[in-house]
Amino acid sequence: MFAAERRQLILEMVRANGAVSLRELARVVQTSEVTVRRDVRALEAEGLLDRRHGGAVLPGGFTRESGFPQKSHLATAEKTAIADLAANFVEEGEAIVVGAGTTTQELARRLARVPGLTVVTNSLLVAQALAHANRVEVVMTGGTLRGSNCALVGSGAEQSLQGLRVSRAFLSGSGLTAERGLSTSNMLSASVDRALVQAAAEVVVLADHTKLGTDTMFQTVPTDLITRLVTDEPPAHDDRAATELQALADQGVQIAVAGASGSPGGDTVPARPQQRRDVPLPSPRRGQVPGGTPSPLRAATVLGEQPPGTERPRVADMRRR
């Protein structure tokens, strides 16, 4: 295949899907990722697409958000490794919040094995991953369904989180920088993520290396509120991701790198001590929040509502580690 034919096919794939990984592009055009990366760079120079670490997206990516089908094909191996490592930070009997995203969906699949766990989420994908976990209680927010990422957003979701306190929040996003922290491309999603952060004593961000150094429109978690970042090991040539990791560590963020040689489950970038907020965790009793629509998922409970003839769900073990 000639270079012009390859680039035309690459452009058609990106236009059809919104975002495509370099691995997938190389598979379709039957060439190496090095050649595809060169083609993507040439197409970016013409303003036909935007290059991202690990893939390519439609131009104007600073304000555009890819849907779930497109995101699910990006950095799949990295997301799996991150989810495997992040699951180690969840303890039996904890109460946590898990935000929307394809990486948090992978985490949820692993949380199904944690007994006595309570998971509060606005993500239908997270709830579905835990729907058949008999030992996990799933509590869903209310809100309006946003189909592109299968998440509940809006005032209903935010109000149902008021007064909630859990040990930690697991969140993903569209970009992460040391200067602004975690950010996303959608205003409604950002607003709900901020409410999830307010409900947690600690914040754990799940972000693969392709998101490091990327900044998007709406800030969700400032850097000084991020307790820990769980990521994958950046490629040797990715200086931007490595620089961003060190900058985050210098600001006090604990860094856990999945697949790092010699330290598969530990913090591989030393973090400088930093004063952090101290959010008091109240007793497990949770105040009732009016409103909300019951989810069709059998294992899910809607925050603020109590099914007839059953005890009110209790958020288990809210003690901060």
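Rules used in this analysis
Residues numbered from 1 in each chain as written. Predicted model: local features only at pLDDT ≥ 70, side-chain atom pairs only at ≥ 80, totals over all residues. Heavy atoms only, no water. Salt bridge = Lys/Arg side-chain N within 4 Å of Asp/Glu carboxyl O. Helix = DSSP H or I, 4+ residues; strand = E, 2+ residues; numbered from the N terminus. Buried < 20%, exposed > 50% of the residue type's maximum accessible area, 1.4 Å probe, protein only. Pairing = 2+ DSSP bridges. Axes fitted to C-alpha atoms, helices over the stretch in contact; angles between N-to-C directions. Contact = heavy atoms within 4.5 Å. Expected span 1.5 Å × (residues − 1). Arc of directions from axis to C-beta. Parallel < 35°, antiparallel > 145°, perpendicular 65-115°, else oblique. Left-handed = near helix turned anticlockwise from the far one by under 90°. Nonpolar A, V, L, I, M, F, W, Y, C, P; charged D, E, K, R; others polar. pLDDT = per-residue confidence, 0-100. Polar contact = N/O pair within 3.5 Å; in protein donor to acceptor, adjacent residues only side chain to side chain. Core = buried A, V, L, I, M, F, W, Y, C linked by side-chain atoms within 4.5 Å.

**Focus: the pattern of salt bridges**
Applying the stated criterion to the full structure yields ten salt bridges. Across the pair Glu106 and Arg109 runs a salt bridge, and its minimum N-O distance is 2.4 Å. Here Arg109 and Glu106 lie together in helix α6 (residues 102–111), a separation of three residues that amounts to about one turn. Judged by its relative accessible area of 15%, Glu106 falls in the buried class. Judged by relative accessible area, which is 41%, Arg109 ranks as partly exposed.

**Section: unusual backbone geometry**
The backbone of Gln30 sits at a positive phi, close to 60°, despite the residue not being glycine. Within the secondary structure, Gln30 is located in the loop between α2 (22–29) and α3 (33–45). The phi dihedral of Cys150 falls on the positive side, at around 55°, and the residue is not glycine.

**Quick notes on the sheet that holds strand β3 (residues 55–57)**
The pairing of strands in a sheet happens through backbone hydrogen bonds and is either parallel or antiparallel. The strand order across the open sheet formed by three strands is β1-β3-β2, and the pairing between neighbours is antiparallel. Looking at which strands have only one partner, the edges of the open sheet turn out to be β1 (19–21) and β2 (50–52). Adjacent strand axes in the sheet meet at a mean angle of 20°, parallel and antiparallel pairs treated alike. Sheet topology note: the β2/β3 ladder contains three bridges and is antiparallel. Counterpart to Asp50 in the pairing with β3 is Val57. Lying on the sheet, α2 is in contact with β1 and β3; it crosses β1 at an angle near 80°.

**Points about α3**
Over its 13 residues, α3 extends 18 Å from the first C-alpha to the last, a length consistent with the 18 Å expected when each residue adds 1.5 Å. For α3, the complete set of buried residues consists of Thr35, Val36, Asp39, Val40 and Leu43. In a view along the axis of α3, the buried residues occupy a sector of 135°, so they form one face of it. Opposite the buried face of α3, at more than 90 degrees from it, the exposed residues are Val34 and Ala45. Backbone geometry just downstream of α3 places Gly47 in the positive-phi region, at approximately 75°.

**Considering the packing of helix α5 (residues 76–86) against α6**
Two elements in contact, α5 and α6, have axes whose closest approach is 8 Å; the angle formed by their N-to-C orientations is 50°. Taken together, the axis directions place α5 and α6 in an arrangement best described as oblique. For the pair α5 and α6, the sense of crossing is right-handed. From α5, Lys79, Thr80, Ile82, Ala83, Asp84 and Ala86 reach across to α6, where they touch Thr102, Thr103, Glu106, Leu107 and Arg110. Split into classes, the residues belonging to the contact of α5 with α6 amount to four nonpolar, three polar and four charged.

**Digging into the sheet that holds strand β10 (residues 175–177)**
Taking strand neighbours across the sheet as the criterion, the three strands line up as β10-β11-β13 in an open arrangement whose pairing is antiparallel. Lying at the two open borders of the sheet, with one neighbouring strand each, are β10 and β13 (218–221). Ignoring which end each strand starts from, the neighbouring axes of this sheet average 35° apart. Sheet topology places β10 next to strand β11 (residues 181–184); three bridges connect them, and they run antiparallel. Across the sheet, residue Gly175 finds its bridge partner in β11, namely Ser183. Relative to the sheet, helix α9 (residues 187–198) contacts β11 and β13, its axis offset from that of β13 by approximately 20°.

**Structural notes on the confidence of the model for the chain**
Note that predicted coordinates carrying low pLDDT should not be read in detail. Within the chain, residue pLDDT values average 78, and 74% of them lie at 70 or more. Summarising per-element confidence for the chain, the mean pLDDT is lowest in helix α4 (residues 68–71) (45) and highest in strand β4 (residues 95–98) (97). When the criterion is pLDDT under 50, residues 272–299 qualifies, and its contacts beyond four places in sequence or with other chains add up to 72 contacts. pLDDT under 50 marks residues 310–321. Its contacts with residues more than four places away, or in other chains, come to 49 contacts.

**With respect to the side chain of Arg110**
By secondary structure assignment, the location of Arg110 is in helix α6. Here the side chain of Arg110 touches Asp84 through a polar contact of 2.4 Å, side chain to side chain.

**A word on the nonpolar core**
Counting 35 residues, the largest nonpolar core has Leu176, Val205, Val221, Leu229, Leu248 and Ile255 as its most contacted members. Ignoring anything within four residues of it in the chain, the contact list for Val205 reads Leu171, Leu176, Leu182, Ile226, Arg228, Leu229 and Val230. With 29 residues, the next largest nonpolar core counts Leu107, Leu130, Leu152 and Ala258 among its residues.

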